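Residues per chain, in single letters:
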Amino acid sequence: MVGTPGAILIGFYNPGSVAEEGAPEQQMESIGLSEVARISSLARLGMTPAELETLAVQLEVIVSAVGQLSRADISTVPATAQVGELRNVTRADVVEKGLGAEEALGNAGVKAAGFLRVPAIQ
Amino acid sequence: MTRLEAPILELHQQLVDREFSAVELAREALERTGELDPALGSFLRLTPDRALEAAAAADRLLQADPLGAPALCGIPVAYKDVICTQGVETTAASRILSGFVPPYSATVVDRLEELGVVPLGKLNCDEFAMGSSNENSAYQATRNPWDLGRVAGGSSGGSAVAVAARLACATLGSDTGGSIRLPASFTGVVGVKPTYGRVSRYGLIAFASSLDQIGPLAKTVTDAALILTAVAGQDRRDSTSLPAPVDDYLAHLDQGVKGLRLGVPREYLEVGLDTGVRQVFEGSVRMLEEMGAQIEEISLPTTEYALAAYYVIAPAEASSNLARMDGVRFGPGLGSATTLREAYEHSRHEGFGAEVRRRITLGTYALSSGYYDAYYLRAQKVRTLVARDFDRAFAQVDAILAPTAPTAAFRLGERTADPMAMYATDVLTLPANLAGISGVSVPAGFAAGLPVGLQVLGPYLGEVTCLRVARSVEVGAGIWNQLPPVGGGGE
């Protein structure tokens, strides 16, 4: 049997932190309706006011439950972002067949002249 | 009686002996699915043309080279709808991917189809694999063939039910926090969550990339081992796939458990286990002890924080992965939006169901400036503690025994209004995902007429041991061939 290498601790795999103006101080406490609205807007979810109210009530419970993490003693513990033997994979620098433009655009709703077409950024 | 009740190696011998053809077997699977699945809802779409074409090709190979044909040649299988299939619509059970036809297949699909399997179609699941009951599919609920009023478990509920009702010989699912093992337990089939990186994730629609693994669901441990053998191994298209050689998953299955040290984590028995589940578990542990295993009580002290850590890490990764679902490159289109922001909000609002929106919001919150250290970073540190718990345990024992879930299948609708109650369904399965280790759920008994699975957790790349212990449970329990009421079994 292969031995247990344990968790390899690496910091670079990170889904990304969202920076936004007006963010509150670092804390672990309840999440209110206005915060749920702000976060949902960051995530471009287009929620209606009624949906936000329901979500705020549910997230209150969930955030309070995950808040028990604050009780764990992690003062000297490094973070694990990924387990396993993650390593870079390279290949010879030669041209290989990939998806053609037609295949790559095959599922797009609106396209024109080999491009995706979207409304202007304003 | 259907031919699909037989284990794969038996079917293979019958195909080799020309007792029936692969085309006949495929037709039987498709007809049986047409007859039983309207009540079960396990398939989102059937691919009869592809199935019959693959079956005809399998027949040609079986005729030309009967002794050289792979064991999976002509065997009907199906894939969870989070696994991309070239030319066949793949939706992840979400409206936002309605009509999405992948231009390539997942590596697992290519590997199985190179061996001549017969792909019957795509299986229902929770939307983007987020759920524990299969009630979050945007299209349909999947019902449990043991009791149509109960859930199949999730998120690979369709994959489990298709095997339990003998519609397919084996299926593929994906397991991020228990999504293979949990529905396997609820429906009375075998489900394997391989070590993180053992099976390529190329072509798997990502939920939480550091936790997701594809694995098999099957009637027997041997069948699951056959499928795992076919799909395991390094893939240059997935940089997290492991270079270690693939073990022989079949060779050690019947070696028994004599001399193995098996650990029972005391914390796993303190999570409010249902009485029937506890009885089945304790009976299985006694049985393994009688078979010669050495049972030891162990401790996994971080268990109490694992659920919370998971429900920070998984939504955080999901919120990032699902950012690509913007309606531009795939999906139902941008509607009449005049700005890009409006277009995104329209697509995502119309395309995502309530649970997916909940998790994206939770994940975005955990990653957002001001909360990152308190939630995401802290959860990652707790993840380290969970992994260390298992490291310590596997220095002491060869494998760990636990119930797969605290209860048997619950009623449809019972937990949908209470997200935390639903999340707690995964409390005994998700620590293995956080640590990246191997696990199997194997049918061990019944509680009030509902199947109950035993979970065998193995160390990193410990699939051989997990499968060997699971096979002993299967032999001892002697229930693998019991059919559910929907599927031909008696009450």
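Remember, it's a predicted structure, so these values are computed and weren't measured experimentally.

Visitor: Explain the overall build of chain B residue by residue, including any values.
Guide: Check the secondary structure of chain B and you find 15 helices and 13 strands. Its C-alpha radius of gyration of 21 Å places chain B within 12% of the 23 Å reference for a compact globule of 491 residues. Projecting the C-alpha coordinates of chain B onto the three principal axes gives extents of approximately 65 × 55 × 45 Å. Within chain B, the proportion of its 491 residues that are buried is 65%. The long-range share in chain B, meaning contacts at least 24 apart out of those at least 6 apart in sequence, stands at 77%.

Visitor: With reference to specific residues and values, describe the interface of chain B and chain A.
Guide: Contacts between the two partners involve 76 residues from chain B, matched on the other side by 66 residues from chain A. For the side of chain B that touches chain A, the element with the highest residue contribution is helix H12 (residues 373–396) of chain B, accounting for 15 residues. Partitioned by chemical class, the residues of the side of chain B that touches chain A number 40 nonpolar, 23 polar and 13 charged.

Visitor: Tell me about the environment of Gly259 of chain B, residues and numbers included.
Guide: Structurally, the position occupied by Gly259 of chain B is in the loop between helix H7 (221–231) and strand S9 (261–265). Along the sequence, Gly259 of chain B and Gln294 of chain B sit 35 residues apart, while their C-alpha atoms lie 6.4 Å from each other.

Visitor: Go over helix H3 (residues 48–64) of chain B with me, naming the residues and quoting the values.
Guide: Residue and element names in this part refer to chain B. For H3, with 17 residues, the first-to-last C-alpha span of 24 Å sits near the 24 Å given by 1.5 Å per residue. Taken together, the buried positions of H3 are occupied by Ala51, Ala54, Ala55, Ala58, Asp59 and Leu62. Mapping the buried residues of H3 onto a view down its axis gives an arc of 150 degrees, with all of them on the same face. Opposite the buried face of H3, at more than 90 degrees from it, the exposed residues are Asp49, Gln63 and Ala64. Those residues of H3 that are buried lie in contact with helix H1 (8–16), helix H2 (22–40) and strand S3 (118–123).

Visitor: I'd like to hear about the packing of H2 of chain B against H3 of chain B, residue by residue, with values.
Guide: All names here are of chain B. At a closest axis distance of 7 Å, the pairing of H2 and H3 adopts a crossing angle of 155 degrees. Judged on the interaxial angle alone, H3 and H2 are roughly antiparallel. The interaxial crossing formed by H2 with H3 has right-handed handedness. Residues Ala22, Val23, Leu25, Ala26 and Leu30 of H2 pack against Pro48, Ala51, Leu52, Ala55, Ala56, Ala58, Asp59 and Leu62 of H3. Looking at the contact of H2 with H3 residue by residue, the classes come out as 12 nonpolar, no polar and 1 charged.

Visitor: Could you give an account of the sheet that holds strand S2 (residues 76–80) of chain B, with specific residues and numbers?
Guide: All names here are of chain B. The mixed open sheet is built from 11 strands, whose spatial order is S1-S3-S2-S6-S8-S7-S12-S13-S11-S9-S10. At either margin of the open sheet sits one strand with a lone partner, and together these are strand S1 (43–46) and strand S10 (294–298). Direction aside, neighbouring strands of the sheet carry axes that sit 30 degrees apart on average. In the sheet, S2 pairs with S3 via 4 bridges, with the strands oriented parallel. Within S3, the residue paired with Tyr79 across the bridge is Lys122. Relative to S3, H2 is tilted by about 20 degrees, and along the sheet it contacts S1, S2 and S3. Sheet contacts for H7: strand S6 (170–175), strand S7 (190–193), strand S8 (213–218) and strand S12 (438–447); angle to S8, the most-contacted strand, approximately 145 degrees.

Visitor: How would you summarise the domain arrangement of chain B if you had to cite specific residues and measurements?
Guide: Residues and elements named next belong to chain B. Entries for chain B in the domain assignment read domain 1 (3–263 + 395–477) and domain 2 (303–382). Look at where the C-alpha atoms of domain 1 and domain 2 centre, and you get two points 27 Å apart. Sorting the residues of the side of domain 1 that touches domain 2 by element identifies helix H13 (419–423) and helix H14 (430–435) as the ones contributing at least two each. Per-element accounting of the side of domain 1 that touches domain 2 gives the leading share, 3 residues, to H14.

Visitor: Lay out the nonpolar core in plain terms, naming residues and giving numbers.
Guide: Of all hydrophobic cores here, the largest spans 186 residues; its most connected members are Val118, Val190, Ala309 and Val312 of chain B. Looking at this core element by element, the count peaks at 12 residues for helix H9 (residues 303–321) of chain B. Both domain 1 (3–263 + 395–477) and domain 2 (303–382) of chain B contribute no fewer than three residues apiece to this core. What Ala309 of chain B contacts, discounting residues up to four positions off in sequence, is Leu69 of chain A together with Ala379, Val382, Arg383, Val386 and Leu434 of chain B.

Visitor: Lay out the packing of helix H2 (residues 49–66) of chain A against H9 of chain B with the relevant residues and their values.
Guide: In the contact formed by H2 of chain A and H9 of chain B, the axes pass within 8 Å of each other and the chain directions differ by 125 degrees. When the interaxial angle is binned, H2 of chain A and H9 of chain B end up oblique. Of the residues in H9 of chain B, those in contact with Ile62, Ala65 and Val66 of chain A of H2 of chain A are Ala308, Tyr311 and Val312 of chain B. Broken down by class, the residue content of the contact of H2 of chain A with H9 of chain B amounts to 6 nonpolar, no polar and no charged.

Visitor: Summarise the confidence of the model for chain A; cite the residues concerned and give the values.
Guide: Interpreting fine coordinate detail is not advised for predicted regions of low pLDDT. Residue and element names in this part refer to chain A. The pLDDT averaged across chain A works out to 78; a share of 75% of its residues lies at or above 70. Mean pLDDT across the secondary structure elements of chain A bottoms out at strand S1 (residues 111–112), with 83, and peaks at helix H1 (residues 33–42), with 96. Across residues 1–28, confidence stays below pLDDT 50; counting only partners more than four residues off in sequence or on other chains, it has 67 contacts.

Visitor: Any chance you could break down the confidence of the model for chain B for me, citing the residues and the numbers?
Guide: With 99% of its residues at a pLDDT of 70 or more, chain B has an overall mean of 96. Interface confidence for the predicted complex, given as ipTM, is 0.90, next to a pTM of 0.94.

Visitor: Provide a residue-level description of helix H5 (residues 157–164) of chain B, including the pertinent values.
Guide: Residue and element names in this part refer to chain B. The element H5 is largely enclosed, with a buried count of 8 among its 8 residues. Among the residues making up H5, those that are buried are Gly157, Gly158, Ser159, Ala160, Val161, Ala162, Val163 and Ala164. Two residues or fewer after H5 comes Arg166, characterised by a positive phi angle close to 60 degrees.

Cut-offs applied
- All residue numbers refer to positions counted from 1 along the written sequence of the respective chain.
- Chain letters start at A and ligand numbers start at 1, both assigned in the order the entries are written.
- Note on the predicted model: pLDDT of at least 70 is required for a residue's local features to be given, and 80 or more for side-chain atom pairs to be given and counted; whole-chain, interface and lining totals, by contrast, use all residues.
- For helices the rule is a DSSP run of H or I covering at least 4 residues; for strands it is a run of E covering at least 2, with both sets numbered from the N terminus onward.
- Using C-alpha atoms as the atom set, the radius of gyration is obtained and then compared with a globule rule of 2.2 Å times the number of residues to the power 0.38.
- Here the C-beta atoms are placed from the backbone, and a residue counts as buried if at least 20 other C-beta atoms lie within 10 Å of its own, exposed if 12 or fewer do, and partly exposed otherwise.
- It is the C-beta atoms, placed from the backbone, that decide contacts: two residues are in contact if theirs lie within 7 Å.
- By the convention adopted, Pro, Cys, Tyr, Trp, Phe, Met, Ile, Leu, Val and Ala count as nonpolar, Lys, Arg, Asp and Glu as charged, and the other residues, Gly among them, as polar.
- To estimate the expected span of a helix, subtract one from its residue number and multiply by 1.5 Å.
- This arc is built from the directions going out from the helix axis to the C-beta atoms.
- Note on method: axes are straight lines fitted to C-alpha atoms, helices fitted across the in-contact stretch only, with angles between N-to-C directions ranging 0 to 180 degrees.
- For classification purposes, angles smaller than 35 degrees are called roughly parallel, those larger than 145 roughly antiparallel, those between 65 and 115 roughly perpendicular, and all remaining angles oblique.
- By definition, any crossing whose near helix is turned counterclockwise from its far helix by less than a right angle is left-handed, and any crossing with a clockwise turn is right-handed.
- If DSSP finds at least two bridges between two strands, the strands pair.
- Domain limits in this description derive from either an automatic procedure or a database domain assignment.
- By definition, a nonpolar core groups buried Ala, Val, Leu, Ile, Met, Phe, Trp, Tyr and Cys residues that connect through C-beta atoms lying within 7 Å of each other.
- Residue-level confidence of the predictor, termed pLDDT, takes values from 0 up to 100.

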